[in-house]
Amino acid sequence: MQFSVRILEIARDAKPDVRPTPAGEFTVSGETVEIARRTVLEKLAADGRTVRCLSFTTDGGVAVVAYPPAPAPPPHSPAARRRGGR
């Protein structure tokens, strides 16, 4: 079966009255709903997102509320290592 996945994004520090905003869509396939759920979670984790909520819709889709990907840490400079940084 094919499942259309709709991502809604919300900031980690959002106030309770803030609504999630659309952040993309993709499709996954799975023989069961559980396989589709695991596939969605794996894809979003690979994208650096943390899932807050995942629901299956009445039309056979998947709605996900997720936090945005964390920004990449800055690269370590060689100078920091010389000063004793690790």
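All values derive from a computational prediction rather than experimental measurement.

Observations concerning the sheet that holds strand S1 (residues 2–9)
To summarise the sheet geometry, strands pair through backbone hydrogen bonds and adopt either a parallel or an antiparallel arrangement.
Inference 1: Strand order across the open sheet formed by four strands is S2-S1-S4-S3, with mixed pairing between neighbours. Edge strands, defined here as strands with exactly one partner in the open sheet, are strand S2 (21–29) and strand S3 (50–56). This sheet shows a mean twist of 25° between the axes of neighbouring strands, independent of strand direction.
Inference 2: As defined by bridge partners, S3 adjoins strand S4 (residues 62–67) across six bridges and the pair is classed as antiparallel. Paired with serine 55 across the strands is alanine 63, a residue of S4.

Re the packing of aromatic side chains
Aromatic ring pairs are described here by two measures, namely the spacing of the ring centres and the angle between the planes.
Inference 1: A full pass over the atoms with the stated rule returns one aromatic pair.
Inference 2: Look at phenylalanine 3 and phenylalanine 56: their rings are 6.0 Å apart centre to centre, the planes differ by 75°, and that puts the pair in the edge-to-face class. Taken together, the residues phenylalanine 3 in strand S1 and phenylalanine 56 in strand S3 connect sequence positions 53 residues apart.
Inference 3: The partly exposed category is assigned to phenylalanine 56, whose relative accessible area is 32%.

Observations concerning the side chain of arginine 49
Inference 1: Take arginine 49: it is sitting in the loop between helix H1 (33–46) and S3.
Inference 2: In this view, arginine 49 contacts Ile7, Glu9, Ala23, Leu44, Ala66, Tyr67, Pro68 and Pro69; residues no more than four positions away in its chain are not counted.

Re the pairing of S1
Inference 1: Pairing of S1 with S2, which is carried by eight bridges, proceeds in the antiparallel orientation. Note that in S2 the partner of arginine 6 across the bridge is glutamate 25.
Inference 2: In the sheet, S1 pairs with S4 via five bridges, with the strands oriented parallel. Of the residues in S4, the one forming a bridge with leucine 8 is valine 65.

Observations concerning the pattern of salt bridges
Inference 1: Across all of its chains, the model carries four salt bridges by this definition.
Inference 2: One salt bridge in this structure joins arginine 49 and glutamate 9, with 2.5 Å as the shortest N-O distance. With arginine 49 in the loop between H1 and S3 and glutamate 9 in strand S1, this residue pair connects regions lying 40 residues apart in the sequence.
Inference 3: Across the pair aspartate 47 and lysine 43 runs a salt bridge whose closest N-O atoms are separated by 3.2 Å.
Inference 4: Using a relative accessible area of 38% as the deciding quantity, one classes aspartate 47 as partly exposed.
Inference 5: Residues joined by salt bridges that share partners form a network here, namely Glu34, Arg37 and Arg38.

What counts and what doesn't
Residues numbered from 1 in each chain as written. Predicted model: local features only at pLDDT ≥ 70, side-chain atom pairs only at ≥ 80, totals over all residues. Heavy atoms only, no water. Pairing = 2+ DSSP bridges. Helix = DSSP H or I, 4+ residues; strand = E, 2+ residues; numbered from the N terminus. Axes fitted to C-alpha atoms, helices over the stretch in contact; angles between N-to-C directions. Phe/Tyr/Trp six-rings, centres within 6.5 Å; stacked < 30°, edge-to-face > 60°. Buried < 20%, exposed > 50% of the residue type's maximum accessible area, 1.4 Å probe, protein only. Contact = heavy atoms within 4.5 Å. Salt bridge = Lys/Arg side-chain N within 4 Å of Asp/Glu carboxyl O.

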